[in-house]
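Structural characterization, general
Each chain, written out:
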Amino acid sequence: MSSMSSVAGLSKYITTLPKTKFSIIGMILISTLTGSLYFLIDSVSHSILEEILYGGIYFLMIIGITSIMSGGLNQQVISIMDGINVKIKHSMFLSALSMTILCIILLIGGVISRILNLDIFLNSLLFGCVLIYGFNTLVFWATSKMRFTKAVTAALIQPVLILAMYILVTFLVIDTSFLGPIIIQITLKALIAGIIFVLAIYAFITIIASPFKKNLGIGVLDLLSLFIAHMNEGSNSLEGLFENMSEAIDTVVTFVSFKTEKGIKALFISPSVHPGPLGDLGGSNMPTILANKFDHFTMVAHGPSTHDFNPIAVSEIDKIETAVKKGLKKVEYKPSASEFVRYNAQTANIGVQFFNEGMVILSTFAPEGSDDIEFGVGLTMMAQSRSKCAVKDSIIVDCHNSFAPESGEVLPGNSEVFYLIDVIDKIETDQNKTSIKIGCWQSTMDTLDKQEGIGESGIKTMIIEVNNQRTAYVLFDSNNMEVGFRQEIMEAVKDLEIDEIEVMTTDTHTVNTISRGYNPIGITKRPEILEYVKKSIKEAINDLEEVEVGTGTEKIENLNTFGPKNSTELISTISSVVAVSKIIAPVLLITSLIIAFIWIFFGL
């Protein structure tokens, strides 16, 4: 697995939060049940029924109701402070999570109280409030694009409400003569403990943010906040941050154009541009966006490229469109194509078909797992095949159809590179060329979605008939394919009216935004996907008609991408930060918690 891909894989930690009503119901139930359980643990004289009733009501009032109020207030306060990413759903869930942490601490305190015959409820409540204060500060500062001082202020809402409600309830039901000293004690303990914990959080964030600012010129909290904004709201503000670390490159796009008397019938495009990094950022949805820029059936396959060649903005895709349209003006068409022929060497497998003065090479390492073919390797394949086969254009396609967790990129120096070189040397150049027919069909696969690894463009199929041989080019808008599913598809269509088939994926990264992170097609609902494949082939056969064909290669200039240098820098920075965090985070946070604990339970 590529290093940049491993960062994209972090999206597996993103999950969908529950609706607001479920968080509210959860806070009511958890606080009530915790109160009943606490009073049962610490029971001294009342009946079990009374303990359950009184405890439930007491905790609901001082913890449950205040946490619900906090959930509503947090969202409003952060909005007033110009923070982002906090909707009422997020705010309520954060309050519910914080309240749950507090309930756990109180229950532990209740058990200790029972064992040691000590009343430590107030100290347990204070310690829990300090903990959730620090937790809320960290969440608001890290995710809402707020200054530290604003995050510290906003995080006060829940613990202050809880402590205020505790004092109010105590004032109403208990002797109030001691409340003056108690309030002073609560204030001093909470204030000093809160400062200790929050300073530890500030130190931790400052330490991990420094490498990002120094190496990449970006703020780690800005990066995180804008990333969350993209996942929550589809905001592309993160692309503006990418511009600070972008690198302009030159690359190529190759294509095959099929034309009838009415004009272009279909385009098969293979850009050496990577459809990443994830979600709808940069070029992640490039296969669909680029295809939609043309008025005819267009398949955008995965050309040789890695995450180094991720466009930093959606607007960069316009440069690919411009290059293709420029190349189309130069194409010379003829009714001339060869049959589809397969070759293999070691684990490298290619399918080759000649079109007029060019050729298509569909490359795969299936059934072995593999990831992206690096651009330099792709250029080598282009140059070698053009020389070997005496063609003007060589359209290299990384079929990207056999994913395994340990799959790695095909980089210069890997043994797979030499397998590709060897297999290209086996191509027979004396192929007879005859007239050609093609038929096309596409479906958005409406019954499937990102959960099944299906992107916006669904499935596109083109049948190419040459000399009575029918070959199906099947392209899924997906990020790779589960190992073995390609073979299953090929077996499933043997009874159809085709002779050959190759299955490809676009490598779209729009499907990487769900809980699995990596989401190749074929993990689930294989029978349903197979039915779409069969239908697409049948419909494409019905669309067969004679065409003329031409190929082209165009340079894409000044495409703003992550670039090899910055991609490596980003990965190394993240790796170093993660490594350092594993040491610093426990030391700082645990030490501060111990100090706060000692202060609250043994101070004053």
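Residues numbered from 1 in each chain as written. Predicted model: local features only at pLDDT ≥ 70, side-chain atom pairs only at ≥ 80, totals over all residues. Heavy atoms only, no water.

1. Quick notes on the packing of aromatic side chains
Summed over the entire model, instances satisfying the criterion amount to 19 aromatic pairs. Between the aromatic rings of Phe340 and Tyr473, the centroid separation amounts to 6.2 Å while the plane-to-plane angle is 70 degrees, which identifies the pairing as edge-to-face. Taken together, the residues span a long stretch of sequence, with Phe340 in the loop between α12 (317-328) and β4 (341-345) and Tyr473 in strand β10 (residues 469-476) at a distance of 133 residues. As far as the burial class goes, Phe340 and Tyr473 line up, both buried. Where Phe597 meets Phe602, the ring centres are 6.4 Å apart and the plane angle is 70 degrees; that geometry is what we call edge-to-face. Judged by relative accessible area, Phe597 falls into the partly exposed class, the value being 35%. Taken together through their ring pairs, the aromatic side chains of Tyr38, Phe39, Tyr58, Phe59, Phe121 and Tyr166 make up a single cluster. (Phe/Tyr/Trp six-rings, centres within 6.5 Å; stacked < 30°, edge-to-face > 60°. Helix = DSSP H or I, 4+ residues; strand = E, 2+ residues; numbered from the N terminus. Buried < 20%, exposed > 50% of the residue type's maximum accessible area, 1.4 Å probe, protein only.)

2. Remarks on the packing of helix α3 (residues 48-80) against helix α4 (residues 88-116)
As a packed pair, α3 and α4 sit with axes 8 Å apart at the nearest point and diverge in direction by 150 degrees. In terms of axis orientation, α3 runs roughly antiparallel to α4. The two elements α3 and α4 meet at a crossing, and its hand is right-handed. The residues of α4 that touch α3, namely those facing Phe59, Ile63, Gly64, Ser67, Ile68, Ser70, Gly71, Gly72, Asn74 and Gln75, are Ile88, Ser91, Met92, Ser95, Met99, Leu102, Cys103 and Leu106. Looking at the contact of α3 with α4 residue by residue, the classes come out as 9 nonpolar, 9 polar and no charged. (Axes fitted to C-alpha atoms, helices over the stretch in contact; angles between N-to-C directions. Parallel < 35°, antiparallel > 145°, perpendicular 65-115°, else oblique. Left-handed = near helix turned anticlockwise from the far one by under 90°. Contact = heavy atoms within 4.5 Å. Nonpolar A, V, L, I, M, F, W, Y, C, P; charged D, E, K, R; others polar.)

3. Focus: the pattern of salt bridges
Within this structure, the stated rule accounts for 18 salt bridges. Two residues, Lys525 and Glu452, come together in a salt bridge whose shortest N-O distance is 3.8 Å. Here Glu452 lies in the loop between β8 (436-443) and β9 (459-466) and Lys525 lies in the loop between β11 (500-505) and α16 (526-542), a separation of 73 residues in the sequence. Given a relative accessible area of 10%, Glu452 falls into the buried group. Put simply, Glu465 and Arg470 hold a salt bridge, and the shortest N to O gap is 2.8 Å. For the pair shown, Glu465 and Arg470 are each scored as buried. When salt bridges that share partners are traced, they join Lys293, Asp318, Glu321 and Lys325 into one network. (Salt bridge = Lys/Arg side-chain N within 4 Å of Asp/Glu carboxyl O.)

Such coordinate-based values are descriptive only and should not be taken to indicate function.
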